[in-house]
Amino acid sequence: SNQKSLKSILEEAETKKKEILELFQKVSCELEGINYHKYHRSISPAIQEFIEAISFLEYLEHNRLISMNDVELNFRDQSGNQYLQVTVEDYVLGIADLTGELMRYAINSVGKGDHDRALQVCKFLRSLKSDYDLLKVSGYSLLGRKLDGIKTNLAKVEDACYALTIRGSEYPKEFYQHIVSEHARNYGDNMDVDE
């Protein structure tokens with residue numbers, strides 16, 4: 001039944017994705033004449049949000065990171081023309097935000113007692129973080145702040161997995177959520193593990 005609900009969630013997401021892409025296409029047509037760089041700066045946050053969402057879908061469906069090329073394929077019209085460019089910066093910042101989604105997903109998995117899923121996400125987050133560690137960025141930049149977010153997100157997931165591994169066997173399943181909630185609280189986060 002869990003698989004079926006995921007299937008319906010993904011179908012719903014696909015519909016939403018189409019609607020969002022139609023809006024992007026409209027915007028790109030209206031802004032074509034304007035200095036591209038200026039217009040891109042104002043639409044970039046929306047592109048990053050979109051990347052965060054579709055990269056999460058990609059992970060849920062295929063357990064992998066979406067490539068920048070696959071992101072760009074979304075912004076092509078019926079004739080295959082690229083109506084919107086995705087910059088490296090859009091991609092890197094959008095994927096950094098994905099780590100927050102993955103953190104919530106992993107912690108919800110721990111809350112449901114799905115240890116394997118949580119560990120899988122933890123491993124994925126670790127490899128993402130090691131990729132981002134290769135980037136030399138100033139701590140004051142937007143990316144620098146996002147890197148801190150990635151570290152925090154990974155630490156939360158590691159803590160939750162640790163709590164389950166070390167202490168999980170001592171408790172019946174319904175205590176998992178309590179353990180995880182406590183860990184979330186240590187970070188001053190009001191995390192809902194019931195989702």
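Residues numbered from 1 in each chain as written. Predicted model: local features only at pLDDT ≥ 70, side-chain atom pairs only at ≥ 80, totals over all residues. Heavy atoms only, no water.

### Considering the environment of Asn153
Residue position: Asn153 is located in helix H6 (residues 142-167). Spatially, the C-alpha atom of Asn153 lies 9.9 Å from that of Asp97, the residues being 56 residues apart in sequence. Dropping the residues within four chain positions of it, Asn153 is found in contact with Thr99, Gly100, Met103 and Leu125. (Helix = DSSP H or I, 4+ residues; strand = E, 2+ residues; numbered from the N terminus. Contact = heavy atoms within 4.5 Å.)

### What to know about unusual backbone geometry
The phi torsion at Asn63 lies on the positive side, around 55°, for a residue other than glycine. With relative accessibility at 39%, the residue Asn63 sits in the partly exposed group. (Buried < 20%, exposed > 50% of the residue type's maximum accessible area, 1.4 Å probe, protein only.)

### Some remarks on the packing of helix H4 (residues 88-111) against helix H5 (residues 115-133)
Two elements in contact, H4 and H5, have axes separated by 9 Å at closest approach and are oriented at 155°. The orientation of H4 with respect to H5, classified from their angle, is roughly antiparallel. Crossing geometry of H4 relative to H5 is assigned as left-handed. Side by side, H4 and H5 meet where Tyr91, Val92, Ile95, Ala96, Leu98, Thr99, Leu102, Tyr105, Ala106, Ser109 and Val110 of the first sit next to Arg117, Ala118, Val121, Phe124, Leu125, Leu128 and Tyr132 of the second. (Axes fitted to C-alpha atoms, helices over the stretch in contact; angles between N-to-C directions. Parallel < 35°, antiparallel > 145°, perpendicular 65-115°, else oblique. Left-handed = near helix turned anticlockwise from the far one by under 90°.)

### Describing the packing of aromatic side chains
According to the stated counting rule, one finds six aromatic pairs in the structure shown. Ring centres of Phe56 and Tyr105 lie 5.8 Å apart, and the angle between their planes is 80°; on these two criteria the pair is classed as edge-to-face. Highlighted residues: Phe56 in helix H2 (residues 36-62) and Tyr105 in helix H4, separated in sequence by 49 residues. A residue is classified by how much of its surface remains accessible, and Phe56, at 18% relative accessible area, is buried. A relative accessible area of 19% means that Tyr105 is categorised as buried. Both rings, one in Tyr59 and one in Phe124, keep their centres 4.6 Å apart while their planes meet at 40°; by these two values the pair is tilted. Taken together, the residues Tyr59 in helix H2 and Phe124 in helix H5 connect sequence positions 65 residues apart. Note on Tyr59: relative accessible area 2%, which makes it buried. Site record: aromatic cluster; members linked through ring pairs are Phe24, Phe50, Phe75 and Tyr83. (Phe/Tyr/Trp six-rings, centres within 6.5 Å; stacked < 30°, edge-to-face > 60°.)

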